[in-house]
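Tertiary structure, described
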Amino acid sequence: MSDHQTEIFDATSAKGWRDTPAGMAHWLGTGPANRTCRECKFFEWSGRYASKGGYHTTGELKPAKCQKFKLLMRQWGPPIKHNLLACKHFEEAGSAPSAVTR
Ligand code: SF4
């Protein structure tokens, strides 16, 4: 690898580059291992969950926007799922919401 090549060509992060949804602040999975956007202080959690009990109603935490994306891009991106593997900008949230409503 030459000096000017960036991390997106690294085999360990290439999958993240291909699979990263719009709205994430950086490539999927480039943050701490096994951490998700739900646990990040930049995940703009609104307190909303999908309803529970019927078809496609899992009670799962709804997608939310990433504040870090807004800081970097100067505009909001589309909402991202809570269970995406964290990016390199991950910072621990003081209190993360649960993944599923009780
Ligand atoms: S880990 Fe945090 S900064 Fe990175 S995309 Fe997810 S919410 Fe945004």
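In what follows, the accompanying structure is described. Residue numbers here run from 1 along each chain, matching the order of that chain's written sequence. pLDDT decides what is reported in this predicted model: residues at 70 or higher carry local features, side-chain atom pairs at 80 or more are listed and counted, and totals for whole chains, interfaces and linings draw on all residues regardless.

**A short note on the overall build of the protein**
Of regular secondary structure, the protein possesses two helices and zero strands. Neighbour density around each residue's C-beta defines its exposure: 20 or more other C-beta atoms within 10 Å make it buried, 12 or fewer make it exposed, and counts between make it partly exposed, where C-beta atoms are placed from the backbone. When the 102 residues of the protein are sorted by exposure, 27% land in the buried category. The contacts of the protein with a sequence gap of at least 6 include a subset with a gap of at least 24, amounting to 60%. Only DSSP runs of H or I covering at least 4 residues are called helices, and only runs of E covering at least 2 are called strands; the numbering of each starts at the N terminus. Contact between two residues is assigned whenever their backbone-derived C-beta positions fall within 7 Å.

**Brief notes about the environment of Ala22**
Mapped onto the secondary structure, Ala22 falls in the loop between α1 (11-19) and α2 (67-73). Through-space distance from the C-alpha of Ala22 to that of Ile80 is 7.6 Å; in sequence the pair is 58 residues apart. Not counting residues up to four positions away in its chain, the partners in contact with Ala22 are Gly77 and Pro78.

**Considering the site of the ligand**
Nearness between a residue and a molecule or strand is assessed with a C-beta atom placed from the backbone; a distance within 6 Å qualifies. Near the ligand there are 13 residues, and of these Cys37, Cys40, Cys66, Lys68 and Cys87 occur at the shortest range. Gly is placed with the polar residues, together with every amino acid not listed as nonpolar (Ala, Val, Leu, Ile, Met, Phe, Trp, Tyr, Cys and Pro) or charged (Asp, Glu, Lys and Arg). Grouping the amino acids of the shell around the ligand by side-chain chemistry returns ten nonpolar, two polar and one charged.

**Points about the environment of Cys40**
Among the structural elements, Cys40 can be located in the loop between α1 and α2. By the C-beta count within 10 Å, which is 25 here, Cys40 ends up buried.

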